[in-house]
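Report on the structure
Chain by chain, the residues:
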Amino acid sequence: MTFDRIDLKILDILQRDATVPVARIADKVGLSQTPCWKRIQKHEEAGVIRARVALLNPDALGLSLTAFVMVEAIDHTAEWRTEFLTVTETLEPVRDIYRLAGTHDFMLRVVVPDMPAFDAFYDTLTSSIRLRSVSSVFALEQVKACTALPLSGLFPSPN
């Protein structure tokens, strides 16, 4: 799929605030409402826009502990990977799963209320699938969090 500057402007507006009315987006990008809405629909149908969500404050909900769990696979077969992903995708505290290159094979971002909840998660994980090693680091503070992708660098600035 190709994107022009107008597409990227629309996407940038929506990724920062999905509640912006189409009329305001159209005005900001120099289109009328109908062509703007059609572009938005095109991006939704193509999967470029995956969802429109509200970002919640974990601390306000008592989910104050974020852990990054580094996992080393017991073996590197497709069967083990499928089993690992099946297990981890069903564990509610697991928010993100990354497959890595390097000394660890996967990194999980886990969000729980406290250390006892993390310990329960850890017990469930390690009793559900064989792992070579598991190590965790705990976030003291979230210094920066950004859900917006860096779209401005996709096209050079007009001269």
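You'll find the structure just up there.
The notes below deal with the structure included here.

Reading the values: the criteria
- Residues numbered from 1 in each chain as written.
- Predicted model: local features only at pLDDT ≥ 70, side-chain atom pairs only at ≥ 80, totals over all residues.
- Heavy atoms only, no water.
- Core = buried A, V, L, I, M, F, W, Y, C linked by side-chain atoms within 4.5 Å.
- Buried < 20%, exposed > 50% of the residue type's maximum accessible area, 1.4 Å probe, protein only.
- Helix = DSSP H or I, 4+ residues; strand = E, 2+ residues; numbered from the N terminus.
- Contact = heavy atoms within 4.5 Å.
- Salt bridge = Lys/Arg side-chain N within 4 Å of Asp/Glu carboxyl O.
- Pairing = 2+ DSSP bridges.
- Phe/Tyr/Trp six-rings, centres within 6.5 Å; stacked < 30°, edge-to-face > 60°.

1. Some thoughts on the nonpolar core
By size, the foremost hydrophobic cluster in this structure holds 19 residues, and its most contacted members are Val69, Phe84, Leu108, Val110, Phe118 and Phe121. The set of elements that each furnish at least two residues to this core consists of strand 1 (65-73), helix 4 (78-90), strand 3 (106-112) and helix 5 (115-128). Considering every element that reaches this core, the biggest residue donor is strand 1, with five residues. Aside from chain neighbours lying at most four places away, what touches Val69 is Phe106, Met107, Leu108, Val110, Phe118, Phe121, Leu125, Val134, Ser135 and Ser136.

2. A look at the pattern of salt bridges
Side chains that differ in charge, positive against negative, can pair when their charged atoms come close. Throughout the structure, instances matching the rule amount to seven salt bridges. Between Arg39 and Asp4 there is a salt bridge whose closest N-O contact spans 2.9 Å. Pair noted here: Arg39 is in helix 3 (residues 33-45) and Asp4 is in the segment before helix 1 (5-16), with a separation of 35 residues, a long-range link. For Asp4, a relative accessible area of 31% corresponds to the partly exposed category. Arg132 serves as the salt-bridge partner of Glu72, at 3.9 Å between the closest nitrogen and oxygen. Placement of the pair is Glu72 in strand 1 and Arg132 in strand 4 (residues 131-138), with a sequence separation of 60 residues. Taking relative accessible area as the criterion, Glu72 reaches 24% and is therefore assigned partly exposed. By relative accessible area, Arg132 is classed as partly exposed at 48%. Each of Asp4, Asp7, Arg39 and Lys42 takes part in one network of salt bridges that share partners.

3. A few points about the pairing of strand 2 (residues 94-99)
Sheet analysis places strand 2 next to strand 3, joined by five bridges and oriented antiparallel. Within the sheet, the bridge partner assigned to Val94 lies in strand 3 and is Val110. Hairpin connection, strand 2 to strand 3: the antiparallel pair is bridged by six residues, and Gly102 has positive phi, about 125 degrees.

4. Quick word on the packing of aromatic side chains
Under the criterion given, the structure shown has six aromatic pairs. An angle of 45 degrees between the planes, with centres 6.2 Å apart, marks the rings of Trp80 and Phe106 as tilted. Within this pair, whereas Trp80 is found in helix 4, its partner Phe106 is found in strand 3, the two being separated by 26 residues in sequence. For Trp80, a relative accessible area of 6% gives the class buried. A relative accessible area of 4% places Phe106 in the buried class. Taken together, a centroid distance of 4.6 Å and an interplanar angle of 40 degrees make the contact between Phe84 and Phe106 tilted. Taken together, the positions of Phe84 in helix 4 and Phe106 in strand 3 put the pair 22 residues apart, joining distant regions of the chain. In terms of burial, Phe84 and Phe106 fall into one category: buried. Through successive ring pairs, a cluster of aromatic residues spans Phe118, Phe121, Tyr122 and Phe138.

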